[in-house]
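Examination of the molecular architecture
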Amino acid sequence: MPSVVTLNLQDNQTFQDWQAFLTSLGITNFQTNELTTIDLTLGIYDEAAKLVATGSIAGNVLKYIGVCNKYTEKGTYFNTIVSELMNQLAQQGVFHYFVFTKPEYAQSFEHVGFHQLAGTEFGALLETGDTNVTTYVQSIPKIPHQSQKTVAGIVMNANPFTLGHRYLVATAAKANDLVYVFVVNNDVSLFSTAERLKLVQEGTKDLPNVQVVNGADYMVSYATFPAYFLPTPDAAIKYQTTLDARIFKHQIAPGLNIRKRYLGSEPLSRTTNIYNQTLTKELPPEIQVVVIPRLTGSAHQVITATQVRQAILAGQLAAIETSVPPTTFTFIKSNFKILQQRIQKGMNIDGN
Amino acid sequence: MEIKQTALAGTLESSDIQIMLSKGTDGIKINLDSEVKKQFGAEINAVITSVLQKFEITNANVKAVDKGALDCVIKARTIAAVQRALGTTDKPAWEVL
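Residues numbered from 1 in each chain as written. Chains lettered and ligands numbered in written order. Predicted model: local features only at pLDDT ≥ 70, side-chain atom pairs only at ≥ 80, totals over all residues. Heavy atoms only, no water.

Here we look at the nonpolar core
Residue and element names in this part refer to chain A. Defined as follows: As used in this record, nonpolar core signifies buried Ala, Val, Leu, Ile, Met, Phe, Trp, Tyr and Cys residues forming a set joined through side-chain atoms within 4.5 Å. Between buried and exposed lies partly exposed: a residue is buried under 20% and exposed over 50% of the maximum accessible area for its type, with that area taken using a 1.4 Å probe on protein chains only. To qualify as a helix, a DSSP run of H or I must reach at least 4 residues; to qualify as a strand, a run of E must reach at least 2; elements of each kind are numbered from the N terminus.
One finds Ile312 and Ile320 to be the most contacted residues of the largest nonpolar core, which totals 36 residues. Top contributing element to this core by residue count: helix H6 (residues 163-175), with five residues. Ile140, Val213, Val220 and Tyr275 belong to the second largest nonpolar core, which has 35 residues in total.

As structure tokens, this is what we get:
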């Protein structure tokens, strides 16, 4: 049995062999932003030194898995590659894995213990590990008789939490018994996950029927929706947002009795605008989509977190004060230097 | 004994079993995937449970993906997973075998 080796994709010849092998199997997306996220690539060579199987890891996502079954029993190389990738992640203390794959391969992953979260005609998302979407939904705080209450959900990155976010949450809180605010879980934004969660919690403390929850790997996460964080063509954004919407609709909402999803209108960000269109198409009729027009500031400009981040870079504290709640302002003021240093160190502030 | 961290042992190759052991709160819960679950599911679960009991583990979540492993393999993989989960791999528990 040939053994598994690490492939060095920095080596030009190895990269070309790897790319040609995957291309022959119908995997053709080799965009730089997909490739730079790869942490490790494994491969199996046959006796003739020909690549016959490969798989990669990016964070906790398995990627670029391709196997040639011509000279072996179906599934042998596949199982070897997948289990070696899982062992590598386990050594780093990662025990929760995702995979994006074409719909026809979803079953192969189900045979090795993966569970499908959502599928579209272009691809499926599966997970396995020591936590899963069921345990996640169980861990979210609930209120008595929740099944008889009107419950709404909002998903936000809140980078940072502005008066615009606050207005959206307050509007939803007025019209519902319970509002879940899911905060996107990633540390590629200017404000870290812990900071963003804290600012949303503090900024909504006076609204007793608002429950702030970490969105984990299931809402606009790096695993499910990388386009939110990386420049990506429209087609990929549509496909990723569809998966994200279906996970929310089928895996998250039912267990929490969420019947409404609130969105802020999106005049400025192309990606978020496509996301809103997809949600409006996918969620009804089970979940009603409520679009709230953006709050406009004193100068009749919409309030966005992007402007707040730009004001931090420019050092304009006064401009920030009118766009964010006092809690967010206090935080920015006392961490002003640190935030500016993060931007200077290369943290992108123009995305979401 | 209390599980300290999630641990993984074994592979997905033919005749092996992959065991993932993590913290539980509600007894020993085994989630088994196996093509021979119908015929041998109860026995596989019994082997895993007996190893956990020998280590005096009362609460655990086990995710097992079986590829036709024999009982001795199931036992060995479970012991490896337990010792990794308890952080005791430097002191092999020979008496459990």
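Thoughts on empty space enclosed by the protein
Residues and elements named next belong to chain B. Selection criterion: Each cavity reported here is a set of points on a 1 Å grid over the protein atoms alone in which a 1.4 Å probe fits but cannot get out, each pocket an open set with protein on both sides within 12 Å along at least five of seven lines, and each lining residue one with an atom within 4 Å of a point. Grid points are joined across faces, edges and corners, and a volume is the space filled by probe spheres set on the points. Only Asp, Glu, Lys and Arg are considered charged in this grouping, and only Ala, Val, Leu, Ile, Met, Phe, Trp, Tyr, Cys and Pro are considered nonpolar; every other residue, Gly among them, is considered polar.
Per the counting criterion, the structure on display carries one cavity of 30 Å³ or more. The calculated volume of the largest cavity comes to roughly 30 Å³. Of all the elements in the fold, those that place two or more residues in the lining of the largest cavity are strand E2 (17-23) and strand E4 (60-66). A per-class count over the lining of the largest cavity returns four nonpolar, two polar and one charged.

Concerning the side chain of Asn60 of chain A
All names here are of chain A. Cut-off, in case you're wondering: The definition of a polar contact used here is a pair of N or O atoms within 3.5 Å, where within protein one atom must be able to donate a hydrogen and the other to accept one, and adjacent residues in sequence count solely through side-chain atom pairs. Contacts: residue pairs with any heavy atoms within 4.5 Å of one another.
Tracing the chain through its elements places Asn60 in the loop between strand E3 (51-58) and strand E4 (61-67). Owing to a relative accessible area of 19%, Asn60 belongs among the buried residues under this scheme. Within polar-contact distance, the side chain of Asn60 engages the backbone oxygen of His96 at 3.3 Å. Once you skip the residues sitting within four places of it in the chain, Asn60 turns out to touch Val94, His96, Tyr97, Phe98 and Asp217.

Some words on the pairing of strand E8 (residues 151-156) of chain A
All names here are of chain A. Our working definition: Pairs of strands are assigned from DSSP output, requiring at least two bridges between the strands. Orient the strands so they point away from the viewer, and a crossover whose first-strand-to-second-strand path over the helix runs clockwise is right-handed.
Burial analysis of E8 places six of its six residues in the buried class, which makes it a mostly covered element. Burial of the side chains of E8 extends over both faces: Val151, Gly153 and Val155 are buried on one face and Ala152, Ile154 and Met156 on the other. Where E8 meets strand E9 (residues 178-183), six bridges bridge the pair, whose relative direction is parallel. Directly across from Val155, in E9, lies its bridge partner Phe182. Each parallel crossover has a hand, and for E8 linked through H6 to E9 it is right-handed. Pairing geometry for E8 and strand E11 (residues 258-264), over three bridges, is parallel. Residue pairing in the sheet places Val151 in a bridge with Ile258 of E11.

Fair warning: the whole summary comes from geometry, so function is off the table for now.
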